[in-house]
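Chain and residue survey
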Amino acid sequence: MDKRINYKINIDTIFASASSSGLSAIKTIRISGTKTKKIFKILTNRKLPKARFCKLVNLYDIKNSSIIDKAMVVWFSSPNTYTGENILEINIHGGNSVLDHLIENLLLIDGVREAKPGEFTKRAFTNNKMDFLEAEGVMDLINAETKFQKNLALQQVNGNLSTVIKVWNGRLLKLLAHYEGQIDFPEDEVPENIERRVLSQITDLIKEIEFFLSENKSGDVIRNGVEVAIVGNTNVGKSSLINQIVKKDIAIVSKTSGTTRDVIVSKVNLSNIPVIFSDTAGLKMSVRNNIEKQGINKAKKVIKNCHVKLLVIDVTKNLTKHILRLVCNKTLLVLNKIDLINKKKLYSVIKELNEKGLKKISFVSAKKGNGINTLLNDLEIYIKHKYKDVFFGDPVLTRTRHRTALKKCFNFLKKVNNDKDPELNAEDIRLSLNSLGNITGKYDVEKLLDIVFKDFCIGK
Amino acid sequence: MRKNNVSRGTNKVIVVGGGHAGCEAAAAASRIGCKTLLITNNKNKIGEMSCNPSIGGLGKGHLVREIDALDGIIARAIDESGIQFRMLNASKGPAVRGLRAQADRILYKKAIKNILSKEKNLKIIEDEVIDLDIKNNSICGVILSKKKIVPCETIVLTTGTFLNGIIHIGNETIPAGRVGEKATYGLSKTFKKYNFKLGRMKTGTPPRIDQNSINYKNLKKQDSDKKIIPFSFMNKSIKVKQIPCYITYTNKKTHKIIEKNIAKSAIYSGNIKSIGPRYCPSIEDKIVKFKDKNQHHIFLEPEGLNSNVIYPNGVSTSLPKKIQENFIRSIIGLEDAKITQYGYAIEYDYVDPLQLSNTLETNKINNLYLAGQINGTTGYEEAAAQGIIAGINAALKVKKGTEFVLSRSEAYIGVLIDDLVNKGVTEPYRMFTSRAEYRLLLRSDNADLRLTPKGIKIGCINKDRKEKFNKKQALLEKIDIKYKKNTFTPNNLLKYGIKINLDGKKRNIFDLLVFKDINRKELENIWPEIKKIPNDIFDELETRSVYRGYVERQLQDIKDLKKDEELKIPKNLNYKKIPNLTKEVLEKLNYVKPRNLGEITRISGVTPAAVINILRFINRKKRKWAV
């Protein structure tokens, strides 16, 4: 082994939420380790406050400097702390989205990770801080913690994300088993093309996880609101529609122009779900000038990134192919100007759309304000259904952990490729499995060998 | 050495058994400087290969190199007796290449005997050990066949498959340790008397075939590698003549014969109840479990240069003799095969290895070490690896030295023993590279760099190896420093015709070798001085470069492991006094007796809460002692 490698032990800084995951007015996050000073400086841009004094500070997002929350922080200096290490306690407002946002930022800092069950106590022990542990009830707390996690784990069986992750974990283990099979048993009856087969299946898995991560941006949905883009040809009544929607809503948050003139954004509170409506530039066949072109490009980007697409169609005009091409799996159709045609004409339009498989349709007259309530109702049902795990699913901390784990897993998998030595690919697959370990249980070589011996006839 | 020990006789370490574990243990104890006595039932069977005549392979080859790095004997013996050397996975990266050699059984035994005869502190006698002389749960000596007591300080027991061994061929059952050798019963009783938990395992061998009765005409030939790499660090080349193996296949007819008679096989008739290894199934198992396969390959391995016996690797069986003959003769090339010895399955007792510590000393009896198949493993290499560790520790105990334990992060030997004593076995344990979580670090090509310095420290390395190793290490460091400084920018390289990304990064020659399309030859054309670097040193530096990113990550993991291992658990900790431990956890801990935090966390069923409880208890005790 390389002699110059420094074996000095340098352990991670850990954090945990000290509050329960339900709703509460204030949530407390405790951070312990060598990086706490740095974390404070990065998040607040301020000098460290005096130890053991409360301080009100703004916490800033690391990436874009927006404010995460106004928080009360207390700094405890080593060694007179629970763990014996430096500890930073942050008290934030109780919304899940704030907690989510803060955790995401903490995870961006190198060497910082979420604490494992009992890890604060373990550190207290290793740093000879047992006096705290002697206090009554600590053991009960730890026991409760594991019990709580057990319950959580049981709950999650029905939860969307964790089920999916478990299935992927199973597939990955099998792929690794087959991959290891061809490494460890070169002279046995392992199919010759197994390496290629595993690699191609990994490519599929990468695509699935990538799609899942991009579709299931639950954290983003909660923090920023559900993004709804209003799309359609020019002059179909998009702007009238957004005006009607904004009028209906009593709690208008803001109405601002986008960075270009062509995307208008309105934030609306729909039965306590924050929803952001974007009015996009009308899509046209021919483009007159450069400004219009820019507007359309901008609109295309908004359409691509939105969670829901409201496609507005003018029922007085014929349906064009190019507008129907905009329909995708996140589209709700809005037929506008129903006050201008008779019922018979309307039925024929509906029939035509139904024949094309388009069934999620609302009818409005944006000008007169008819049907807007129904539209908003439909939208609410749609959002609640599609993002049900966000609104009714796992607690926010668990979900963030799942997403972080899945992202890590994804990043390791992406390193796998044909040109690399197989033992390095195997290492990447193993690391990707390990990153799911917190959720699915530790990677166990015996389970892997079970698969190898079941699927291949080993033993010459 | 203490004077009052003289009364115990001259032998300090006694090794029982002359198989692969026993030979390695005896040689190691002797190298360290302890008077050692090896007791075997039959001197002629010392170094016997009772199963297939080959050594090494994936994982196993790694073990051989590691034993060699501690100056063990298995690598040197196979280098003097190997008749077909092959590097498995040669097209894959260095961490998963495995050297394997077919052996001439006679030459191998000769080589082992020759090496052992040169050990100055070693004496070998022929006798049967019927019991152990134990007082106050400590070893005092062994008791031989005529009730003769031979005193000693430590014992390494390596009885292989001889404990209550029973051979099965069809309906026949013969008590035996190997074909033609009687089993051992006395020691099984000894273990029972001291409440050791014993288990039963099964393994098998194929029938042997007379070479002259085989028709090789239509069979695929497999030659030795053109460029042979020896196992031992001490050897530069192999002098033994190389001969080929041949490959043939079972067919539908073979499978039909076996299927029809499956009930007559000892495994399927219910005669054998114990577990056999999944990676070494009998031909009966292969046909029952993989019904969709129309053929299974068989390697026809010669047992030696002057031997007529062929070992058909792949058809181990416990079917009746007549049926063995029938199915063998249904195979292409074996139509007229003459069986010289029938295949059989053997059942034997093993001692649950959870009752051992990492030095392979038993938890129940002081100074008693167990190594090899008795601990539930299989394979010569696995046995030898345990033998060398048990032998070293048995000798160090006599010399009052500190224990010699290898961690999972340091050696495959460490993985093997950690698995055995903390996870236990459910089938005969065999090493695979996938068992080693630090596989990229634990390469067979750097076994010497990893382990020889440790061996030098405890005094188990002979002078010639020590000198050779120190020379290599010095040269390696010199070259490493020299060529690390020697860097080139992409623009620089372009002048020599090497095209890489113009990223401005300075690279040394080993960084350049990370690129798949750049090889050593090309670089030699540009910088002729590289030619002077010896191959092993060049390869080591190149591998370090290729693996760098991955190895750095593994080293990070190792730091966590080390921290847990540094937290020692007192040897005689009374777990009963620790509050709130469940009965299951309590039983597990008392049985396994973990020695550090890392081991506790690897025992199945021990919860994080239990771990905290234990830590808390130990710490309180520590403070009391301090007062």
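Since this is a predicted model, take the numbers as computed values, not measurements.

Quick look at the overall build of chain A now. Counting its secondary structure elements, chain A contains 18 helices and 13 strands. Split into buried and exposed, the 460 residues of chain A put 36% on the buried side. Contacts in chain A between residues at least 24 apart in sequence constitute 65% of all its contacts with a sequence separation of at least 6.

Take the overall build of chain B next. Tallying secondary structure elements over chain B gives 19 helices and 21 strands in all. For chain B, the C-alpha radius of gyration of 26 Å lies close to 25 Å, the compact-globule estimate for 627 residues. C-alpha extents for chain B along the principal axes are approximately 80 × 80 × 50 Å. A burial count over chain B gives 50% of its 627 residues as buried. At a minimum sequence separation of 6, the contacts of chain B that also span at least 24 residues come to 74%.

As a further point, take the nonpolar core. Of all hydrophobic cores here, the largest spans 155 residues; its most connected members are Leu-176 of chain A together with Val-13, Ala-25, Ile-155, Val-156, Ile-392 and Ala-395 of chain B. No other element matches helix α9 (residues 380–398) of chain B, which puts 12 residues into this core. Beyond its immediate stretch of four places on either side in the chain, Ala-25 of chain B contacts Val-15, Val-156, Thr-158, Ala-371, Gly-387, Ile-388, Ala-390, Gly-391 and Ala-394 of chain B. Core analysis: the next-biggest nonpolar cluster, separate from the first, contains 32 residues, Ile-313, Leu-333, Ile-338 and Leu-375 of chain A among them.

With that settled, the discussion passes to the sheet that holds strand β2 (residues 26–32) of chain A. Residue and element names in this part refer to chain A. Strand order in the open sheet formed by 6 strands is β3-β4-β5-β2-β1-β6, and the pairing between neighbours is mixed. Looking at strand neighbours, the two that pair on one side only are β3 (54–60) and β6 (112–114), the edges of this open sheet. Strand-to-strand, the axes of this sheet are offset by a mean angle of 30°, without reference to chain direction. Judged from the 4 bridges that link them, strand β1 (residues 13–17) and β2 form a sheet pairing that is antiparallel. Paired with Phe-15 across the two strands is Ile-31, which belongs to β2. Contacts from helix α1 (residues 36–44) reach β1, β2, β3, β4 (67–76), β5 (87–93) and β6, with the element oriented near 65° to β3.

Residues and elements named next belong to chain A. Burial within β1 is extensive, with 4 of its 5 residues counted as buried. As paired elements, β1 and β6 share 3 bridges and run parallel to each other. Following the sheet pairing, Ile-14 is matched in β6 by Arg-113.

Let's shift gears to the confidence of the model for chain A. All names here are of chain A. Averaged over chain A, the pLDDT score is 76; the fraction of residues at 70 or greater is 76%. Mean pLDDT across the secondary structure elements of chain A bottoms out at helix α5 (residues 138–156), with 38, and peaks at helix α16 (residues 422–435), with 94. In this model, residues 130–159 is a region of pLDDT below 50 whose contacts with residues beyond four sequence positions or in other chains number 33 contacts. Contacts for the low-pLDDT stretch residues 249–261, under 50 throughout, to residues beyond four places or in other chains number 17 contacts.

So, about the sheet that holds strand β3 (residues 54–56) of chain B. All names here are of chain B. Pairing is antiparallel across the open sheet formed by 3 strands, whose spatial order is β3-β5-β4. For this open sheet the edge positions go to β3 and β4 (82–88), each flanked by a neighbour on one side alone. Averaged over all neighbouring strand pairs, the angle between strand axes comes to 20°, with direction disregarded. Pairing of β4 with strand β5 (residues 98–103) involves 6 bridges; the strand directions are antiparallel. What sits directly across from Arg-86, in β5, is Arg-100.

Attention now goes to the environment of Pro-490 of chain B. The residue Pro-490 of chain B is located in helix α13 (residues 490–495) in this model. Ignoring any residue separated from it by four or fewer positions in sequence, one finds Pro-490 of chain B in contact with Ile-500, Asn-501, Leu-502, Asp-503 and Gly-504 of chain B.

If a strand is regular, its side chains alternate between the two faces of the sheet. Residue and element names in this part refer to chain A. Direction of pairing for β3 relative to β4: antiparallel, over a ladder of 7 bridges. Bridge pairing links Asn-58 to Lys-70 in β4. Between β3 and β4, which follow one another and run antiparallel, lie 6 residues, and Ser-65 among them has a positive phi close to 65°. Note: β4 against β5, 5 bridges, orientation antiparallel. Considered in β5, the bridge of Phe-76 is made with Ile-87.

So, on to helix α8 (residues 321–329) of chain B. All names here are of chain B. When α8 is considered as a whole, its buried residues turn out to be Gln-324, Phe-327 and Ile-328. Looking down the long axis of α8, one finds its buried residues gathered within 100° of arc, a one-sided arrangement. In this structure, the buried side of α8 is in contact with α6 (252–260) and β19 (339–341).

Split by domain assignment, chain B resolves into domain 1 (3–202 + 348–463), domain 2 (208–345), domain 3 (476–561) and domain 4 (567–626). Each of domain 2 of chain B and domain 3 of chain B has a C-alpha centre, and the two are 45 Å apart.

Let us now look at the packing of helix α2 (residues 60–69) of chain B against helix α11 (residues 447–458) of chain B. Angle between the axes and distance between the axes: these two values describe a pair of packed helices. All names here are of chain B. The N-to-C vectors of α2 and α11 enclose an angle of 35°; their axes lie 8 Å apart at closest approach. In this structure, α2 meets α11 at a crossing whose hand is right-handed. In this structure, α2 contributes Arg-65, Glu-66, Asp-68 and Ala-69 to the contact, and α11 contributes Ala-447, Asp-448, Arg-450, Leu-451, Thr-452 and Gly-455. Grouping the amino acids of the contact of α2 with α11 by side-chain chemistry returns 3 nonpolar, 2 polar and 5 charged.

Residue and element names in this part refer to chain B. In this structure, Lys-146 sits in the loop between β8 (138–144) and β9 (149–151). When the 8 C-beta atoms within 10 Å are taken as the criterion, Lys-146 is described as exposed. Placed 159 residues apart in sequence, Lys-146 and Leu-305 show a C-alpha to C-alpha distance of 40 Å.

Residues Ser-78 of chain A and Pro-79 of chain A are joined by a peptide bond in cis, for which omega reads 5°. Position of Pro-79 of chain A relative to the elements: it lies in the loop between β4 and β5. Of note, the phi angle at Asn-137 of chain B is positive, near 60°, even though the residue is not glycine. Structurally, Asn-137 of chain B can be placed in the loop between β7 (129–135) and β8. On the neighbour-count criterion, Asn-137 of chain B (12 C-beta atoms within 10 Å) is exposed. In this structure, Leu-360 of chain B takes a positive phi of about 75° despite not being glycine. Within the secondary structure layout, Leu-360 of chain B lies in the loop between β20 (344–351) and β21 (368–370). Overall, the presence of 29 C-beta atoms within 10 Å leaves Leu-360 of chain B in the buried class.

Parameters and conventions
- Residues numbered from 1 in each chain as written.
- Chains lettered and ligands numbered in written order.
- Predicted model: local features only at pLDDT ≥ 70, side-chain atom pairs only at ≥ 80, totals over all residues.
- Helix = DSSP H or I, 4+ residues; strand = E, 2+ residues; numbered from the N terminus.
- Buried ≥ 20, exposed ≤ 12 C-beta atoms within 10 Å, placed from the backbone.
- Contact = placed C-beta atoms within 7 Å.
- Rg over C-alpha atoms; globule rule 2.2 N^0.38 Å.
- Core = buried A, V, L, I, M, F, W, Y, C linked by C-beta atoms within 7 Å.
- Pairing = 2+ DSSP bridges.
- Axes fitted to C-alpha atoms, helices over the stretch in contact; angles between N-to-C directions.
- pLDDT = per-residue confidence, 0-100.
- Arc of directions from axis to C-beta.
- Domains from an automatic or database assignment.
- Left-handed = near helix turned anticlockwise from the far one by under 90°.
- Nonpolar A, V, L, I, M, F, W, Y, C, P; charged D, E, K, R; others polar.

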